[in-house]
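Examining the three-dimensional arrangement
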Amino acid sequence: MSAYLGLDGFRFGWVAVWIDGRGDHGFDYSPGLTRLLAMPHARAMIDMPIGLNPAGYRACDRRARELVGPAVFLGARRDLWTFTDMAEANRYYWMHEGKGRGVSAQLWNIRDKIREVDDVMTPARQATIREAHPELIFWNLAGRVRLEPKTSPQGREQRVALLKERGFTKVERWLMLRHGTGIGRDDLIDACACALAARDSTQRVGGEEIDPRGLRMEINY
């Protein structure tokens, strides 16, 4: 039975959630991506940019932000990780692209994970490993309605209910089991959403832009 894999980063590494066609599901975590991506799967979705230009904002990010708001970070660029600090990166981008075209602290803080994904991706691997965004996924599952913020009790309940309706009956138990692992509550919920997209997604934003390494820039949901 084919499994569908959803991955999200957390402070100490990556969390991977899988679900198969019968509804069996589980989760695992690791400091690196390699072992998790080696798990047998028909398709994987990861909440991290795939496909990076050296300059400018990706069209898929701009479109996703129009749909679900600032939960979509703008400014993922190739070689972001080569700057010494965020101030240096923003001075460079402001000088070359214009004031206000820099990177946020949230994006800067995931630069090493962006690089880790970029290191393992190839155009061939993109056939089965694709980028997704949990907020777009939940927006779609909710009938294209924006939910309450995921950090709020109501927003969390909304997301957990949508996951349970679609087969993740163990998610509330998992949220207790994650204690001591370093996995954030929202990271585990987001990985579940990515697994659902890996199983069910037929929609995306973007896909027309190709980066210098031949990777499509798109966000699936």
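The preceding data block contains the structure.
The structure reproduced in this document is the subject of the present report. The written sequence of each chain sets the order in which its residues are numbered from 1. Per-residue local features of the predicted model are confined to residues with pLDDT of at least 70, and side-chain atom pairs are confined, for both listing and counting, to 80 or more; whole-chain, interface and lining totals are unaffected and use all residues. Here the side-chain values reflect all heavy atoms present in the structure, with hydrogen atoms and water set aside.

**Re the sheet that holds strand E4 (residues 43-46)**
Whether two strands pair comes down to DSSP finding at least two bridges between them. Strands are runs of DSSP state E lasting at least two residues, helices are runs of H or I lasting at least four, and both sets are numbered from the N terminus onward. Overall, mixed pairing links the five strands, which are arranged E3-E2-E1-E4-E5 in an open sheet. Of all strands in the sheet, those bounded by a partner on one side alone are strand E3 (25-30) and strand E5 (129-131). Mean inter-strand twist for the sheet, computed between neighbouring axes without regard to direction, equals 20°. By the convention used here, residues are in contact when the closest approach between their heavy atoms is within 4.5 Å. Think of each axis as a best-fit line through the C-alpha atoms, taken over the contacting stretch in the case of a helix, with angles from 0 to 180 degrees between the N-to-C directions. Of the strands in this sheet, strand E1 (3-10), strand E2 (13-20), E3 and E4 are in contact with helix H9 (residues 185-200), which crosses E1 at around 150°.

**Re the packing of helix H6 (residues 134-141) against H9**
For the pair H6 and H9, interaxial distance at closest approach is 9 Å and the crossing angle is 65°. Viewed along their axes, H6 and H9 adopt a mutual orientation that is roughly perpendicular. Where H6 crosses over H9, the two elements pack in a sense that is left-handed. Contacts between H6 and H9 pair Pro-134, Ile-137, Phe-138 and Leu-141 from the former with Ile-189, Asp-190, Ala-193, Cys-194, Leu-196 and Ala-197 from the latter. Angular relationships are summarised with four words: roughly parallel below 35 degrees, roughly antiparallel beyond 145, roughly perpendicular across 65 to 115, and oblique for the angles in between. Crossing handedness: left-handed means the near helix sits turned counterclockwise from the far one by under a right angle, and right-handed means the same turn made clockwise.

**Section: the environment of Asp-8**
Residue placement: Asp-8 occurs in strand E1. With 60 residues separating them in the primary sequence, Asp-8 and Val-68 have C-alpha atoms 18 Å apart.

**With respect to the pattern of salt bridges**
A side-chain nitrogen of Lys or Arg and a carboxyl oxygen of Asp or Glu constitute a salt bridge if their distance falls within 4 Å. Applying the stated criterion to the full structure yields 18 salt bridges. Measuring nitrogen to oxygen at the nearest pair gives 2.7 Å for the salt bridge that ties Arg-78 to Asp-211. Residue Arg-78 is found in the loop between helix H2 (59-68) and helix H3 (86-97), and its partner Asp-211 is found in the loop between strand E6 (204-210) and strand E7 (216-220); the two are separated by 133 residues along the sequence. One exposure class covers both Arg-78 and Asp-211, and it is buried. One network of salt bridges, in which partners are shared, links Arg-78, Asp-118, Asp-211 and Arg-213. The buried label applies to any residue whose accessible area, calculated with a 1.4 Å probe on protein chains only, is under 20% of its type's maximum; exposed applies above 50%, and partly exposed to all values in between.

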